[in-house]
Amino acid sequence: SIGSSYGLGEGSTSTINPYLEYGVKSNEHFSYSTKITATYATGFLGSVFDAGDVYGSATYSSKTNSGNSLNFIGGVKIPLTTSNDKNSAGKPLSLDYQSSIGTYDLIGGINYIVHQKWEFDAGVQVPVYQHNKSTFFPDDYTDPRAAKFAPTSNFRRNSDVLARVGYYIMFNDSFSLKPNVLG
């Protein structure tokens, strides 16, 4: 599948995040997927486009008697950059502009789908190797708005925990929309 998301970050930094994903189901219970991401970011510090990360995951699915499904997910994330993109003047950009944080991560999660309409997710992402080479300091910029961005030189990422609720809107067998609330 092909997809994209849009984000608005610190200092009104806009991001467009396209991705390409391929999945295969090996049997009734196991499936595997690979996803590659990229980011185009633009704001008052500059504009940049770069490859992001490669994700690989395996999912174990079990159907309940009610037709709901419970899924367990495990995976890895491999960065395609070191998180040190620069603007056209050669100055380092903040993490809001970067296509990857530059960490190798392990991912685990659980997913519960109710009546093929509601989706409830919980997950954890743990960095196991930090390859971030960011050299961003807001003081490198004369624009006072740059002070809104945190310095990220020698940035070290911590683990993340997330929860998400989504609702499937099916238009036909090949097109759906799923709004989400993420925390």
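Cut-offs used in this document
Residues numbered from 1 in each chain as written. Predicted model: local features only at pLDDT ≥ 70, side-chain atom pairs only at ≥ 80, totals over all residues. Heavy atoms only, no water. Salt bridge = Lys/Arg side-chain N within 4 Å of Asp/Glu carboxyl O. Helix = DSSP H or I, 4+ residues; strand = E, 2+ residues; numbered from the N terminus. Buried < 20%, exposed > 50% of the residue type's maximum accessible area, 1.4 Å probe, protein only. Pairing = 2+ DSSP bridges. Axes fitted to C-alpha atoms, helices over the stretch in contact; angles between N-to-C directions. Polar contact = N/O pair within 3.5 Å; in protein donor to acceptor, adjacent residues only side chain to side chain. Contact = heavy atoms within 4.5 Å. Phe/Tyr/Trp six-rings, centres within 6.5 Å; stacked < 30°, edge-to-face > 60°. Lys NZ or Arg CZ within 6 Å of the ring centre and 35° of its normal. Patch = residues over 30% accessible without salt bridge, like charges linked within 9 Å, V, L, I, M, F, W, Y side chains within 5 Å. Areas by Shrake-Rupley, 256 points an atom, 1.4 Å probe, with all protein chains shown as cover.

1. Some points on the pattern of salt bridges
With the rule as written, the count across this model stands at eight salt bridges. A salt bridge links lysine 178 to glutamate 119; the shortest N-O distance between them is 2.6 Å. Remark: glutamate 119 occurs in strand S7 (residues 118–130) and lysine 178 occurs in the loop between strand S10 (175–177) and strand S11 (180–182); sequence separation between them is 59 residues. The class for lysine 178 is partly exposed, based on a relative accessible area of 26%. Across the pair arginine 157 and aspartate 160 runs a salt bridge whose closest N-O atoms are separated by 2.6 Å. Accessibility expressed as a relative area gives 37% for aspartate 160, which makes it partly exposed.

2. Digging into the sheet that holds strand S5 (residues 69–79)
Spatial strand order, S1-S2-S3-S4-S5-S6-S7-S8-S11: nine strands in an open sheet with antiparallel pairing. The sheet is open, and its two borders are formed by strand S1 (2–8) and S11, each paired with just one other strand. Going from strand to strand, the sheet's axes swing by 20° on average, the running direction of each strand aside. Sheet topology note: the S7/strand S8 (residues 160–167) ladder contains eight bridges and is antiparallel. The partner of tryptophan 118 across the bridge, within S8, is tyrosine 167.

3. Overview of the side chain of lysine 77
By the secondary structure assignment, lysine 77 is in strand S5. Only 2.7 Å separates the side chain of lysine 77 from the backbone oxygen of threonine 103, close enough to count as a polar contact. When sequence neighbours within four positions are dropped, the list of residues in contact with lysine 77 reads Asp53, Val54, Tyr55, Ser100, Thr103, Tyr104, Asp105, Ile107 and Gln125.

4. Here's the deal with the environment of leucine 182
Within the secondary structure layout, leucine 182 lies in strand S11. Taking relative accessible area as the criterion, leucine 182 reaches 62% and is therefore assigned exposed. On a C-alpha basis, the gap between leucine 182 and proline 138 in space is 29 Å, while along the polypeptide they are 44 residues apart. In contact with leucine 182, not counting residues within four places along its chain, are Leu162, Ala163 and Arg164.

5. So, the pairing of strand S9 (residues 169–172)
Sheet analysis places S9 next to S10, joined by three bridges and oriented antiparallel. The partner of asparagine 172 across the bridge, within S10, is phenylalanine 175. Linkage of S9 to S10, two consecutive antiparallel strands, is achieved through a turn of two residues.

6. Notes on the packing of aromatic side chains
Using the criterion set out here, one finds nine aromatic pairs in the structure. Here the basic side chain of lysine 35 rests over the ring of tyrosine 55, its NZ or CZ set 6.0 Å away from the ring centre. Over the ring of tyrosine 141 we find lysine 91; its NZ or CZ atom is 5.0 Å from the centre of that ring.

7. Here's the deal with a nonpolar patch on the surface
A cluster of nonpolar side chains, contributed by Val76, Ile78, Tyr104, Leu106, Val124, Val126, Val128, Tyr129 and Val161, occupies part of the molecular surface with about 750 Å² of accessible area. Of all elements in the fold, only S5, strand S6 (103–114) and S7 reach the threshold of two or more residues within the nonpolar patch. Per-element tally for the nonpolar patch: the top contributor is S7, with four residues. Assignment of secondary structure puts valine 76 in strand S5.

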